[in-house]
Amino acid sequence: MAADAAELERRVMAAVKASAVRGDPPLLQAAEAAAASSAACGLALAEALVANLCFAHNTGAMWKLLDQAMSSRLVHPLHTLALLTPRVVPNRREQPEAYRLYLELLGRYLVAPVYPERKERKSIFSKHIFRKDAAYGLLAKSIDDAMQLAHRYGFQHLDFGHAVILFVLSVVEMLIDCILDDCGSLNTSAHGHDNIYIQNTDFDGKGIPLDRGDAHREHLRRNNILMSIEVIEKATANKIAQVFLRLVYLNITLQDTSSVKSDNLARDLSSFMDFSFAAGTTTIIPLSIATIVKEEADKLDGGMVSAIKGELVSSLQILVQFSGLLSPPPAAVHLANTAARKAAVVLSDLKSGNENMCSSSKDNSSIKAVGNMLHLIVEACIARSLIDTSAYFWPGYVVPFEESSQAQESPWSSLIEGSPLMELKDALMVTPASRCVAELEKLYSFAVSGLEEEKLVASKVLCGASLLRGWNIQEHVVQMVLKLLSTFLPLDSGSDGRYVQHMPMLHALISGISSVDAVHILSMYGLVPEVAAMLMPLCEIFGSLPPSDHRSCNFEEASVYSVFSSAFLSLLRLWKFHRPPIENALSRRGVSVWSELRLDFLLLLRNSRSALKNLSNVSKSTIFQLDPLFQKPVYIDSFPKLRAWYFQNQACIASTLSSNYNRPSVLHVANIILKLICYKVSKGGVLSVNPQSASNSSMSSPPPGVQEDMCQWPMLPAWEVLEAVPLVLEAVLTACAHGRLSSRDLVTGYTSDYFAFQLSLHIYQDIPSYLIAGLRDLADFLPASLAAIVSYFSAEITRGIWKPVMLNGTDWPSPAATLPVVESEINEVLAFAGVNINISSRPLKINSILNSKIMNLTLKSPLNPSTGSVMPMLPLPIAALISLSITVKMEEFSHLHGIIGQGIEICATSSSWPTMQIIGALWSQKVRRWHDFIILTCSQSPFTRDNAAVAQLIRSCFTSFLGPLVDGCCRYVANRGVTNLLGKTLDERARLVVAPGFLYIRSCRLFPDNNFVCEEILKVVIERARVLANDCSSERPAHLRSDCMPLSAASSLVEQISSLAATMLCHAGGVNLIRLLYEHILPTLLLSAGEDKLGSAGHICSLFEGYVLAYVLLWSGASIWGVGETSPAYASIYTSKRQRIVDRHLEFMAKVMEGNIVLGCGETTWRSYVLCFVGLLVDFVPTWILEVKLETLQKLASGLRKWHKGDLALSLLERGGNKAVTSVVESLL
């Protein structure tokens, strides 16, 4: 190789000298040199010229020849500069003339195009290595070999793009180092690597002392410093170099030591304030602030953390100026006043000389103050150590006033001062802790090390008002409760006596976290998976223990059954057991069964979270830490009893049981339960006690082991009872359907006659005649059986095999007394929300029936003699479940309401005709104080089957948020926006008023067809966009243009329309609907042709259509998938879906731009849609672009360049990650 290189240099220099002798110009000399090289590319020619130029033939003529060769692309400029740099720069002091000429070439060719005519060259050398990829590969390797870039920057291999960028970066860095070195200002000790360009200023590159006596060369050295600065300025000002540096910033991890600016925090706070009208937001805001501050503080040294907190204080003080946003909602007024009073009391104590922040003087009990949302936010930030109590001294923060009445001293202050816990228990239960965490720690010490009675009281107090209303210290209470609960979890295979001993505390803790409010609080803090993992072992243990006596379970007392039932029903509520059965989900929703429907889903989510190394700021606090043993993975196989019940429940949902269930032990238990809930009364009133007389008598004996005077419940473990319950239900429901069992006997046990029925368990041939004591007795005996009852009835109603029963008031309860009122109120609620439909279940009158064609069919049903309308009917499973719910005291058992209430709603929505208003009428007679809740629940029923009602509700949401449309124009009203969309807090007025947005959120999960919902929302969005376009149109006559809407206002409204549409889509269909939107619904809309196709309403309308669709698509996806890197906890669930879905949609765009797919919409709509969507990707979700295939990005960028949108195409490729670096460089060079 060396001989070949030497021979090449000899031929090249001979040709150059011969051309010079002939007097040829430098360009012709360069051509002669290229001809003499006879090489396939300019790489060898460049090496030959540079090798002779440095410095055997270091003449001006040779530099001119090299310049001409670079200019005419006989040699590659970047490769030539890479060869010159390590030769010239180290000798810049010895050869100042050569260094100056090198700087001139550097400023001219550093970011110059490599192949200005690469297409033509590619066609000429198509059979040689001048093919594009091979040529770029050779060039990258040559540059890397000359500059040692891969070794210097730690890469294994460099492609063309990375080689060019790192070369430019290296040259700029080199010039800066040379300037500082030549000026004597470079700190070599701080340099990260050995730099061959750094020298002693008194010596040349060979270590020979410089000749400082040559004034000309010394002047040239000083000028070279100035010229180096000019080259840097010229290079970095070049657009191509700026792109290169931006690529380095975007794709190479750098240590960021920048601090958070005050305006950024203020902007974050203002965005969080948009949600401040929700009751729980006072907690959400400081939690979000804490996360932001912690993320930034982790990047900084200790000295910068205080600066960030100072900027947070400034941002909070700025909020004082926005008094309109700080008014608390009615539900938070008392809390805000309490927070303001706390600050007032502290100031008063300081004036009196008391500096204890956790206690107050009894003389200050009369101090009052008026608070707002700022006081709540500040108190929550203080509790989380984000700011200190110096906020109390902010000007105008506290405006105290005196009242004549004396306020009662807080029981928590008395507890801190040493008052006995048992004397304060009632007051502590209803008063949330609000002063400091020390109050909670004092209470927690009682729960851990107090007397048994004190432990029980402390557990109940922790789950009381402090958990439900302790806005300031709520997360501390939550974690104290969970930490306390975790101390009772099984760590080994110890005796069951340990758990029986702690039943009272377990009962108190589980009952405390089982209420409706507590479940929402756990969900808000993201602790549902952890709580579910704690409840599962308790269910497994207590479900395997037999009860201590034969009595029915009492939720107010701690027993094996009460602890199991509380834990089991709470687990099912967390698992969302009340979802529609599988058949219902498949038939009505048109979706597949999601992984959330599996019992182990929460465990998998919990295990993934536990595996994370970087937890959130809140999770890192000491109080949130549980025993390390509980951080280990937990799997459903660890709970065989629970797992067996789960599979049996799934089988019950999938099919009937009698045909495929043949386990003798379970059938035997089921038969025992049936006999024990039956009792025998003879016609003469004498009980038969002789088992052998059964064959000779019409009367049968009680089951074996049952006393003559009463039937005692068996002392069986709860799991055995639950496993047999579905078989019992099948038997009694079948008997009731065939008339062998009356409805009263089925539900309540009340009977007026005698009957017999055969048990539908095939191993029993002759079953005595017993009267059914009722499902109520079963629910009283084991409340957990309600879960099996709800599951069984919910599954049976979807099969459509049960005949309806007449709610005549005799056999079944009658809703006639309240049904008209309930239907009227439901109609009023729907009408206020903008939905006008008829929801009457049986509106037909006698006259209309006689004149109708369906007379013969309808008259089969009895008529109500008082109203003349058809008697209300319900399918048998619903009638049985609603009758059971009426007998259960749900005011006492909040655990049961969450299961029974949701189960009845499922049954009602699964029925083939409207039934919810009948159920509501029956419920309203039972629990009058739930009247508004019942009406609101019943108001959701029409949306489960009527698409027309869904369409009206969707349009009403847009009208309430944006204002009405009158004659095709927007009409702006004062009452609009989020407040009008969602409404205010529900007050105690006689008339229930529900805003359309609130009703949509409550009902959207029950919509029958999500595709229809999506299409209807997009239809309204397009309609609104066209109206905006008409308001902005400049095509009006000149004298009418004064009322045109400014484009800035129109763009803001486009964002509002899109944000509402995206929010509604995400609430209605979640991940699956957004996937359909990206992959099918929106592409179909763009491809559809017709009279009302997109782009058919004019140019301005077409622009707005494209913009609004792009915003809807991006914001809906961002709401579901997030805008940044997805947490590893659910990366496998969402990140892969986002990557696949976004890539497919961009591939669809690219195919259309290539002409492979023909559009149905107008060209203007398509262009505006693509440009807006790609622009939003670049500006707001660049992490999505990282996940898109390079080929897709290249196609899309090519199409954008054809539209003369080169800057947008470049920005798209820049954010494609390392894989797209070469594409960016090729597009520039």
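Residues numbered from 1 in each chain as written. Predicted model: local features only at pLDDT ≥ 70, side-chain atom pairs only at ≥ 80, totals over all residues. Heavy atoms only, no water.

It is worth spelling out the overall build of the protein at this point. When helices and strands are counted, the protein shows 56 helices and eight strands. Among the 1229 residues that make up the protein, the fraction classed as buried is 51%. Sequence-distant contacts, at least 24 apart, represent 74% of the contacts inside the protein between residues at least 6 apart. (Helix = DSSP H or I, 4+ residues; strand = E, 2+ residues; numbered from the N terminus. Buried < 20%, exposed > 50% of the residue type's maximum accessible area, 1.4 Å probe, protein only. Contact = heavy atoms within 4.5 Å.)

Let's shift gears to a nonpolar patch on the surface. Together, V978, L982 and I1001 give the surface a local cluster of nonpolar side chains, amounting to about 230 Å² of exposed area. With respect to the helices and strands, V978 occurs in helix α46 (residues 978-982). In this structure V978 comes out as partly exposed when scored by relative accessible area, which is 49%. (Patch = residues over 30% accessible without salt bridge, like charges linked within 9 Å, V, L, I, M, F, W, Y side chains within 5 Å. Areas by Shrake-Rupley, 256 points an atom, 1.4 Å probe, with all protein chains shown as cover. Salt bridge = Lys/Arg side-chain N within 4 Å of Asp/Glu carboxyl O.)

This part covers the nonpolar core. Membership of the largest hydrophobic core comes to 307 residues, with the highest contact counts inside it found for F167, F542, F568, F958, Y1000 and W1166. If one sorts the elements of this core by residue count, helix α49 (residues 1047-1087) sits on top with 17 residues. Judged by nonpolar contacts, the second largest core, of 30 residues, contains L312, L326, L376 and V398. (Core = buried A, V, L, I, M, F, W, Y, C linked by side-chain atoms within 4.5 Å.)

Attention shifts here to the environment of L953. Along the chain, the position of L953 falls in helix α45 (residues 947-962). Of the residues examined, L953 reaches a relative accessible area of 0% and is grouped as buried. If sequence neighbours within four positions are ignored, L953 has contacts with A833, V835, F943, P996, L999, Y1000 and F1007.

The angle between the axes and the distance between the axes are what describe a pair of packed helices. Between helix α44 (residues 931-938) and helix α47 (residues 996-1003), the least distance of the axes is 10 Å, while the angle of their chain directions is 75 degrees. Accordingly, the angle class assigned to the pair α44 and α47 is roughly perpendicular. Counted together, F933, L936 and T937 of α44 and F998, L999 and R1002 of α47 form the full contact between these two elements. Residues of the contact of α44 with α47, tallied by class, amount to four nonpolar, one polar and one charged. (Axes fitted to C-alpha atoms, helices over the stretch in contact; angles between N-to-C directions. Parallel < 35°, antiparallel > 145°, perpendicular 65-115°, else oblique. Nonpolar A, V, L, I, M, F, W, Y, C, P; charged D, E, K, R; others polar.)

Right, let's talk about the pattern of salt bridges for a bit. Applying the stated criterion to the full structure yields 29 salt bridges. Among the salt bridges present, the one from R221 reaches E218, with a minimum N-O distance of 2.9 Å. With a gap of three residues between them, R221 and E218 both fall in helix α11 (residues 215-237), about one helical turn apart. Each of the two residues, R221 as well as E218, counts as buried. E1214 is the salt-bridge partner of R1215, the closest N and O atoms lying 3.7 Å from each other. Each member of the salt-bridge network shares a partner with another, and the members are R92, R93, D181 and D182.

Quick look at unusual backbone geometry now. Cis geometry is adopted by the peptide bond preceding F55, which originates at C54 and carries an omega value of -5 degrees. Topologically, F55 is positioned in the loop between α3 (42-53) and α4 (60-71). Positioned with a positive phi, Q148 is a non-glycine residue whose angle comes to about 55 degrees. A relative accessible area of 43% means that Q148 is categorised as partly exposed.

Our focus in this paragraph is α47. An α-helix turns once every 3.6 residues. As a result, residues three or four positions apart point the same way. Within the span of α47, buried status applies to P996, G997, L999, Y1000 and S1003. All buried residues of α47 lie within an arc of 160 degrees about the axis, which places them on one face of the element. (Arc of directions from axis to C-beta.)

We now examine the side chain of S459. Assignment of secondary structure puts S459 in helix α21 (residues 452-462). Relative accessible area serves as the criterion here: at 0%, S459 is assigned to the buried category.

With that settled, the discussion passes to the packing of aromatic side chains. Centre-to-centre distance and the angle between the planes together describe a pair of aromatic rings. With the rule as written, the count across this model stands at 19 aromatic pairs. Ring centres 6.0 Å apart and planes at 80 degrees place the aromatic pair W394 and Y397 in the edge-to-face group. On the basis of relative accessibility, which here comes to 5%, the residue Y397 falls in the buried class. The rings of F564, F568, W645 and W719 are connected pair by pair, giving a single aromatic cluster. Residue placement shows R1167 over the ring face of W1203; its charged tip is 4.6 Å from the ring centre. (Phe/Tyr/Trp six-rings, centres within 6.5 Å; stacked < 30°, edge-to-face > 60°. Lys NZ or Arg CZ within 6 Å of the ring centre and 35° of its normal.)

Per-chain confidence: the protein averages 75 in pLDDT, with 70% of residues scoring 70 or above. The least confident element of the protein, judged by mean pLDDT, is strand β4 (residues 771-772) at 32; the most confident is helix α52 (residues 1163-1180) at 94. Note on residues 189-193: pLDDT is under 50 here. Beyond four places in sequence and across chains, it has six contacts. Of the regions scoring below 50 in pLDDT, residues 680-710 engages in 36 contacts with residues more than four places distant in sequence or in other chains. (pLDDT = per-residue confidence, 0-100.)

Okay, the packing of helix α10 (residues 160-182) against α11 next. Where α10 contacts α11, the axes come no closer than 10 Å and their chain directions differ by 155 degrees. Relative to α11, α10 is oriented roughly antiparallel. For the pair α10 and α11, the crossing hand works out as left-handed. Along its contact with α10, which presents V172, L175, I176, I179 and D182, the element α11 presents I225, S228, I229, V231 and I232. Here the contact of α10 with α11 is composed, by residue class, of eight nonpolar, one polar and one charged. (Left-handed = near helix turned anticlockwise from the far one by under 90°.)

Further remarks concern helix α54 (residues 1190-1202). Here α54 is 13 residues long and its end C-alpha atoms lie 19 Å apart, about the 18 Å a rise of 1.5 Å per residue gives. Residues T1192, L1193, L1196, A1197, G1199 and L1200 constitute the buried set of α54. Looking straight down α54, one finds its buried side chains confined to an arc of 160 degrees; they lie on one side. Of the residues one or two after α54, H1204 is the one with positive phi, at around 65 degrees. (Expected span 1.5 Å × (residues − 1).)

What follows covers the environment of Y153. The residue Y153 is located in helix α9 (residues 149-153) in this model. Y153 sits in the partly exposed class, given a relative accessible area of 25%. In this structure, the C-alpha to C-alpha distance between Y153 and L166, residues 13 residues apart in sequence, is 8.4 Å. The residues touching Y153, leaving out its near neighbours within four places in the chain, are L166, L169, S170 and E173. Reaching out from Y153, the side chain makes a polar contact with the side chain of E173 at a distance of 3.4 Å. (Polar contact = N/O pair within 3.5 Å; in protein donor to acceptor, adjacent residues only side chain to side chain.)

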